[in-house]
Structure formats: structure tokens, C-alpha cells
Amino acid sequence: MRVLVTAGPTREPLDPVRFLGNRSSGRMGYSIARALLARGHEVILVSGPTSLKPPKGVVLEAVETGRQMLTACRKHWKTCDALFGVAAVADYRPAKVSKRKLKKTENVSKTLELVSNPDILATLARSKGKRLAFGFALESGSGLTEALRKLRDKNLDWIALNGPEAQGSKISSLRVLGADGSDHLLGPANKEALARTLVRTALGSNY
Ligand code: CTP
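Throughout what follows, the structure given in this document is the object of discussion. (Residues numbered from 1 in each chain as written. Predicted model: local features only at pLDDT ≥ 70, side-chain atom pairs only at ≥ 80, totals over all residues. Heavy atoms only, no water.)

Quick look at helix 2 (residues 66–77) now. For helix 2, which comprises twelve residues, the first-to-last C-alpha distance of 16 Å matches the rise-based estimate of 16 Å (1.5 Å per residue) to within 8%. Those residues of helix 2 that sit buried are Gly66, Met69, Leu70, Ala72, Cys73, His76 and Trp77. (Helix = DSSP H or I, 4+ residues; strand = E, 2+ residues; numbered from the N terminus. Expected span 1.5 Å × (residues − 1). Buried < 20%, exposed > 50% of the residue type's maximum accessible area, 1.4 Å probe, protein only.)

Once that is clear, we can look at the pattern of salt bridges. This model, assessed by the stated rule, comprises eleven salt bridges. Residues Asp119 and Lys154 are paired through a salt bridge, measuring 2.6 Å at the closest nitrogen-oxygen approach. Of this pair, Asp119 sits in the loop between strand 8 (114–116) and helix 3 (120–126) while Lys154 sits in the loop between helix 4 (144–153) and strand 10 (158–162); the two residues are 35 residues apart in sequence, bridging distant segments of the chain. By relative accessible area, which is 30% here, Asp119 ends up partly exposed. For Asp153, the salt bridge identified is with Arg149, shortest N-O distance 3.2 Å. Remark: Arg149 and Asp153 occur in helix 4; sequence separation between them is four residues, near one turn of the helix. You can call Asp153 partly exposed: its relative accessible area is 47%. (Salt bridge = Lys/Arg side-chain N within 4 Å of Asp/Glu carboxyl O.)

Apart from glycine, the bulk of residues carry a negative phi angle, and the bulk of peptide bonds sit in the trans form. Across the junction of Gly187 and Pro188, the peptide omega takes the value 5 degrees, indicating a cis bond. Residue position: Pro188 is located in strand 12 (residues 183–190). Residues other than glycine seldom take positive phi values, yet Asn155 does so here, at roughly 60 degrees. Within the fold, Asn155 resides in the loop between helix 4 and strand 10. Of the residues examined, Asn155 reaches a relative accessible area of 36% and is grouped as partly exposed.

Below, the structure written as C-alpha cells:
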């Protein structure tokens, strides 16, 4: 299969030197890409800025912002059979990007105005047809209700529920919920092992 994977954080610029970002390392997305490659799939990895080495054999599209990520994903989604939305996309971006560095004397940004970013996973999964869409739900509480809501609202086949401690950590656990009502607890394990089990769970043993 040809599989599209989003990974890493996004950076939403404020001026030429500053951005809004988050703590995502990209490790989970890159591990999923590696697990897919190891099973013989073709992988397009659309990644925000990370310090990770791209897995060997992957087609890498490096992007910075959420909107760039959506554009790159749209281009590839037409020819892909499955999607793993793993990126920690910023939900908001600054309403204005200053062409020059904002000065503290100017008092321009005492209040930062933000506008919504597109939801990449939901946008792509809307037109998925029979293709497979896998997403994550990063929740700070127990999160089960929210994860099930995202599974349904974003038209996904699978959603993996995890907590904020997963960002940047090496060992974590996941609860993987299927649109068919299935419920799997994976881990605790390192992200490489977790990614392999996750891919096997989502694609079944035939793929
Ligand atoms: N996602 C995305 N584009 C966005 C936001 C999220 O593709 N702009 C994807 C993530 O890759 C993840 C899933 O949607 O697979 C859920 O992300 P999460 O941050 O848990 O939830 P949100 O939908 O952003 O909702 P909220 O922040 O309100 O919990």
C-alpha cells in the first residue's frame, strides 16, 4: 500500500524570528513510518521540523506550518491508500505575521490574535471513501469520551488515545479504539515497538 503519514510539530510564524510551536518530537510518526516500511509499504512522510533522521526509503516532505502540511498532504492523499495522522498540528496560528521582527518598544503584541488552522486529518478523512484513516487523540484527562468523539467526527477507522506525557517521551502506552467498537491496550513500550503493534492492529496481519 501507499501510506501517508503526518508527523512532528508545526511552527506558526509570528515574525521572521519567532513562532508558536509545541513539544512534539516527531518520534511516534517516524516510528510508524519505519514500521510501515518494514512491512513493505510505500510511505510518504509529511513532517514538521524535528531533529530526527528520516527513515531510509521514505518519501519525505518537510514543512513548517499547518497550512503547508495540509497542502503537501492534499497533493499526496489522492494517490494514497491509508493515512496515519500523527502530527501535533497547531490548532491556531497568529492572525498576522509581521514582516519585520516585532520590537518590544512597539508594544504590538500585548495581546496575540489567533485564527484557526485547518484540521488536516479531518479534512483528508472526510474524502477517504473506503481508505483507512488513523488518528491520535492527545487528552489530558482520561479522555475516552473525547477520543470516541474525534473518531466519529473526523470519520476515522482508528484512534489512539494518549496523554501529554507521551510528547517527547521514549516509553509510552496507547489505547487504540476502532470504529467497529474494538478496544486495544498497547504498551508500555518504546515508540518503535508501540508503532509496530499499532500498525499491525490497524492494518491486520494481511498487510
Ligand atoms: N490534527 C490534524 N490537524 C489539526 C489538529 C489535529 O491533523 N489541526 C490531528 C492530529 O494529528 C491527531 C488528531 O487530529 O491525529 C487529534 O489531535 P488532537 O490534538 O488530539 O485534537 P484536536 O482535534 O486538535 O482537538 P483538541 O485540541 O480540541 O483536543
